[in-house]
Amino acid sequence: MTDFPGAPTAPSDGRRLRVLAAMSGGVDSAVAAARAAEAGHEVTGVHLALSSNPQSFRTGARGCCTLEDSRDARRAADVIGIPFYVWDLAERFREDVIDDFVAEYAAGRTPNPCLRCNEKIKFAALLDKAVALGFDAVCTGHYARIVDLPDGTRELHRAVDAAKDQSYVLGVLDAEQLAHSLFPLGDTTKEAIRAEAEQRGLAVAKKPDSHDICFIADGDTQGFLARHLGTATGDILDVDGTKLGEHEGAYGFTIGQRKGLRIGRPAADGKPRYVLDISPVNNTVTVGPAEGLDVLGLTAIKPRWCGTPAAGEGRYTAQLRAHGEEVPVTAELVDGELRVRLDTPARGIAPGQAVVLYDGTRVVGSATIASTERRTVTA
């Protein structure tokens, strides 16, 4: 039996692992399923229907979970030679991901729906159902690596392909979930995966990656939020409280935003303004100079650990947004909250985003940013 790095240890009685492969209809999950099957495991493919009314066709690389995607997944399963099913998780997805997304924006926070989907859908609802049905592991096309230790525990690490690494959105997984996870693509590059898909005769080899929020297929996040939250006129203020303009909904702004502020006249210093604060309580958006975005420290809640919880004050690197750079930090768990001090200021960090701690390439854990400490600036 061939295998790949990060595959769960085969049962001691010699039986094959029963693996449930989550197949989105894209190239990554198709190759992941093929690798698991080729390794000798008993693989079953499943496509998650996450929309109650999926569009018939996606537009280029926008969106996913469409009828087209489910058909692509089924064709890939046929080529691999594995059973295939479609599971309807649309209601759970709406409650745990879409409703949460809308509520977070309404509260002035900036959520990451992909991270929430991994936590609540792929490695909670899906994994729980898989284990209940007798499967040993869930296999996905995420770019990340699992390392097995001599004591039987497992660690989550960054993928070899840094450009495609998805460990940030997997930082919510705990030790029990890692014990039932397979990430067959963590040791290779995207280019190699596409070439492999073509060699295997998978029609999705050249299919574009989905890079937008899956439930906002047209990419218009502000329009989506307006339909769910309505319009609510409020003030755009300078840091000294001077009114500079009006907006139609504070949810349409994100911390660090520069374009689309519609505040007319330039600042007295001639420098551009950026969104510094969003207050849903009084429906105001505060703008100011770039240095007002400098975050010196943060407090994060609901920590989740990829193994042993952090104890005491420690030195780590932290990734503060999905495509952000790692920054050196000092972090400590205090009364259930993660307190993080940055060695150098970082910009564009907003409540609602996740902070993921790393020790080298190892993912230590993740928490949701509740508040930030920033430089004080004047108009």
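The structure presented is a predicted model; accordingly, all values stated were derived computationally and were not measured.

## A word on the sheet that holds strand β4 (residues 137-139)
Read from one edge to the other, the open sheet built from five strands follows the order β3-β2-β1-β4-β7, with strand pairing classed as parallel. The strands lining the two open edges of the sheet, one partner per strand, are β3 (84-88) and β7 (181-182).

## Things to note about the side chain of Arg158
Take Arg158: it is sitting in strand β6 (residues 154-158). At 2.7 Å, the side chain of Arg158 and the side chain of Gln319 are in polar contact. Excluding its chain neighbours within four sequence positions, the residues that come into contact with Arg158 are Arg145, Asp165, Ser167, Gln319, Glu326, Tyr358 and Thr361.

## A closer look at the pairing of strand β10 (residues 274-279)
Of all six residues that make up β10, five are buried, and the element is covered over most of its length. Between the end of β10 and the start of strand β11 (residues 284-288), which pair antiparallel, lie four residues, with Asn283 showing a positive phi angle near 60°.

## Overview of the confidence of the model for the protein chain
Summary statistics for the protein chain give a mean pLDDT of 88 and a share of 91% for residues scoring 70 or more. Taking the mean pLDDT of every element in the protein chain, the minimum, 88, falls on helix α7 (residues 221-229) and the maximum, 97, on strand β1 (residues 18-22).

## Considering the packing of aromatic side chains
In this structure the tally under the stated criterion is six aromatic pairs. Ring centres of Phe123 and Phe183 lie 6.0 Å apart, and the angle between their planes is 70°; on these two criteria the pair is classed as edge-to-face. Of the two residues, Phe123 is situated in helix α4 (residues 113-132) and Phe183 in the loop between β7 and α6 (190-199); the sequence distance between them amounts to 60 residues. Three or more aromatic residues joined by ring pairs form one cluster here, namely Phe93, Phe101, Tyr105, Phe215 and Phe224. Above the plane of the ring of Phe135 lies Arg18, whose end atom (NZ or CZ) is 4.4 Å from the centre. The ring of Tyr358 is capped by Arg158, whose NZ or CZ atom sits 3.8 Å from the centre of that ring.

## Details of the sheet that holds strand β8 (residues 234-238)
Pairing within the open sheet is mixed, and its four strands lie in the order β9-β8-β11-β10. One side of each edge strand has no neighbouring strand; the edge strands of this open sheet are β9 (243-247) and β10. Adjacent strand axes in the sheet meet at a mean angle of 25° when their direction is disregarded. In terms of strand pairing, β10 meets β11 through five bridges, oriented antiparallel. Within the sheet, the bridge partner assigned to Ile278 lies in β11 and is Val285.

Reading the values: the criteria
Residues take numbers from 1 onward in each chain, read along the sequence in its written order. Only residues with pLDDT of at least 70 get local features here, since the model is predicted, and only at 80 or more are side-chain atom pairs given and counted; chain-wide, interface and lining totals rely on the full set of residues. Where side-chain values are given, they derive from all heavy atoms of the structure, hydrogens and water being excluded. Here a strand pair is declared whenever DSSP counts at least two bridges between the two strands. Secondary structure is summarised from DSSP: a helix means a run of H or I of at least four residues, a strand means a run of E of at least two, and numbering begins at the N terminus for each. Any pair of nitrogen or oxygen atoms within 3.5 Å is treated as a polar contact; in protein, a donor-acceptor pairing is required on top of that, and neighbouring residues in sequence qualify only through side-chain atoms on both sides. Only heavy atoms matter for contacts: two residues are in contact if any of them lie within 4.5 Å across the pair. We call a residue buried when its accessible area falls under 20% of the maximum for its residue type, exposed when it is over 50%, and partly exposed in between, using a 1.4 Å probe and counting protein chains only. Known as pLDDT, the predictor's per-residue confidence is scaled from 0 to 100. Working definition: a ring pair exists when centres of Phe, Tyr or Trp rings (six-membered ring for Trp) sit within 6.5 Å. Plane angles under 30 degrees give stacked, over 60 give edge-to-face, the rest tilted. As a reminder, the over-ring test applies to NZ of lysine and CZ of arginine, requiring each to be within 6 Å of the ring centre and within 35 degrees of the ring normal. For every element, the axis is a line fit to its C-alpha atoms; helices are fit only across the contacting stretch, and the angle between N-to-C directions ranges from 0 to 180 degrees.

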